[in-house]
Amino acid sequence: NDVRQTLQASILAALRGVTGEDQLTVLLLDDTMRRVVSRCCRLSEVMADANITLVEHILAPEAKRAPPAMAAHLSAVYLIAP
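No experiment lies behind these values; they were computed from the predicted model shown.

1. Some thoughts on the sheet that holds strand S1 (residues 25–29)
- The 3 strands are arranged S2-S1-S3 in an open sheet whose pairing can be described as parallel. The two strands at the open ends of the sheet, each matched to only one other strand, are strand S2 (54–57) and strand S3 (75–79). The sheet shows a mean angle of 25° between the axes of neighbouring strands, taken without regard to direction.

2. Thoughts on helix H2 (residues 31–40)
- Among the residues of H2, those classed as buried are Met33, Val37 and Cys40. Projected onto a plane normal to the axis of H2, the buried residues spread over an arc of 75° and lie on a single side.
- The secondary structure elements touched by the buried residues of H2 are helix H1 (2–18), S1, helix H3 (43–49) and S3.

3. Comments concerning the pattern of salt bridges
- Enumeration over the complete set of coordinates arrives at 1 salt bridge.
- Between Arg34 and Asp31 there is a salt bridge; the shortest N-O distance is 3.9 Å. With a gap of 3 residues between them, Arg34 and Asp31 both fall in helix H2, about one helical turn apart.
- With relative accessibility at 38%, the residue Asp31 sits in the partly exposed group.

4. Remarks on the packing of H1 against H2
- Close contact between H1 and H2 brings their axes to 9 Å; oriented N to C, the two are set at 115°. Between H1 and H2 lies a crossing of left-handed hand. In contact with Arg4, Leu7, Gln8 and Ile11 of H1, H2 contributes Val36, Val37, Arg39 and Cys40.
- Partitioning the contact of H1 with H2 into residue classes produces 5 nonpolar, 1 polar and 2 charged.

Cut-offs applied
- Residues numbered from 1 in each chain as written.
- Predicted model: local features only at pLDDT ≥ 70, side-chain atom pairs only at ≥ 80, totals over all residues.
- Heavy atoms only, no water.
- Pairing = 2+ DSSP bridges.
- Helix = DSSP H or I, 4+ residues; strand = E, 2+ residues; numbered from the N terminus.
- Axes fitted to C-alpha atoms, helices over the stretch in contact; angles between N-to-C directions.
- Buried < 20%, exposed > 50% of the residue type's maximum accessible area, 1.4 Å probe, protein only.
- Arc of directions from axis to C-beta.
- Contact = heavy atoms within 4.5 Å.
- Salt bridge = Lys/Arg side-chain N within 4 Å of Asp/Glu carboxyl O.
- Left-handed = near helix turned anticlockwise from the far one by under 90°.
- Nonpolar A, V, L, I, M, F, W, Y, C, P; charged D, E, K, R; others polar.

Written as structure tokens, this is what we have:
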């Protein structure tokens, strides 16, 4: 449980460091990072605490992605495993 809390705090702090309060931000995750984030954080925590507007899978089919008109106005944060 301590590892989970430490990882959660690290992820949220890192995201807070790159997102602004007045900007719309999309969080793009690959499979590995989606599993890591979902093990330690609730999606609602990520969106509220780190000011994330949208969470998407990096390899999502085009039909499941945000519309291009919306995506053009979003900043992006990528969490991708090496």
